[in-house]
Amino acid sequence: MNSRLMVLGSKLAFRSSPRMFTTSAARLSSKDEGFPDPLDLATGIEKKEMLLRLAGNDDPYNLKSIKRGVGTKETPNEIPSAFEARIVGCVCEEDSSHVKWMWLHSGEPKRCYCGHWFKLVYKEALV
């Protein structure tokens, strides 16, 4: 009985297996297709961001820092926001590493400790 199992096992182990892969000729196109345009593949918010960048808006979410201007009470630094309030950080001295944070609310300009004025300006939301 044991020898019969060994013979059967060896037949299964050394049996020629069916072909696991296939070969075919490479398909070559006459025209050079290259990679598709990323704008064609993008959808949703990613596509909206790409279209805004193509239109010239490099900062659609207003995440880049804004350089302070004169910042007087008559001409305050304008901070864009799609909301009623926004937190703003002011680096009061040029070589300082400390940031002074303050809340800006729409309609009322606010003065930083260093003397610069800031005002919230409404900007349409991206989405």
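What you are looking at is a predicted structure, and each value in this text was computed from that prediction instead of being measured.

Enquirer: When you look at the layout of surface pockets in this model, what are you seeing that I'm missing?
Expert: Summary: where empty space remains is shown by rolling a probe the size of a single water molecule over the atoms. Considering only enclosed or pocket space, the largest pocket measures out at about 660 Å³ in volume. The wall of the largest pocket is formed by 22 residues, among which Ser65, Ile66, Lys67, Gly89 and Cys90 lie closest to the centre. Elements that contribute at least two residues to the lining of the largest pocket include exactly strand E1 (77-81) and strand E2 (85-90). Here the lining of the largest pocket takes five residues from E2, the largest share from any one element. Taken together, the residues of the lining of the largest pocket sort by class into eleven nonpolar, four polar and seven charged. Approximately 220 Å³ is the volume attributed to the second largest pocket. Surrounding the second largest pocket, Pro60, Tyr61, Asn62, Pro80, Ser81, Ala82, Phe83, Arg86, Lys123, Glu124, Ala125 and Leu126 form its lining.

Enquirer: How should the sheet that holds E1 be read in this particular structure?
Expert: Adjacent strands of a sheet form backbone hydrogen bonds with each other and so pair up, either parallel or antiparallel. The three strands are arranged E1-E5-E4 in an open sheet whose pairing can be described as mixed. Since the sheet does not close on itself, it has two edges, and those belong to E1 and strand E4 (110-111), each with one partner. The pairing of E1 with strand E5 (residues 117-122) spans five bridges and is classified as parallel. Bridging across to E5, Ser81 finds its partner in Tyr122.

Enquirer: What should I look at first to understand the UniProt feature "binding site: Zn(2+)" (unreviewed entry) in the chain in this one?
Expert: Cross-referencing UniProt, the feature "binding site: Zn(2+)" (unreviewed entry) maps to Cys90, Cys92, Cys112 and Cys114 in the present numbering. Spatially, the listed residues are clustered: although they cover 25 residues, their C-alpha atoms lie within 8.8 Å of one another. Residues from the named set that contribute to the lining of the largest pocket are Cys90. With respect to the secondary-structure elements, Cys92 resides in the loop between E2 and strand E3 (100-105). Looking at Cys92, the relative accessible area reads 18%, which means it is buried. Each residue touching Cys92, except ones within four places of it in the same chain, is listed here: Arg68, Lys100, Cys112 and Cys114. Counting through the fold element by element, Cys114 comes out in the loop between E4 and E5. Apart from residues lying up to four places away in sequence, Cys114 is in contact with Arg68, Cys90 and Cys92.

Scoring rules and cut-offs
Residues numbered from 1 in each chain as written. Predicted model: local features only at pLDDT ≥ 70, side-chain atom pairs only at ≥ 80, totals over all residues. Heavy atoms only, no water. 1 Å grid on protein atoms, 1.4 Å probe; cavity = no way out; pocket = protein on both sides within 12 Å on 5 of 7 lines; lining within 4 Å. Points joined across faces, edges and corners; volume = space filled by probe spheres on them. Helix = DSSP H or I, 4+ residues; strand = E, 2+ residues; numbered from the N terminus. Nonpolar A, V, L, I, M, F, W, Y, C, P; charged D, E, K, R; others polar. Pairing = 2+ DSSP bridges. UniProt positions renumbered as here; feature names shortened; annotations may be inferred. Buried < 20%, exposed > 50% of the residue type's maximum accessible area, 1.4 Å probe, protein only. Contact = heavy atoms within 4.5 Å.

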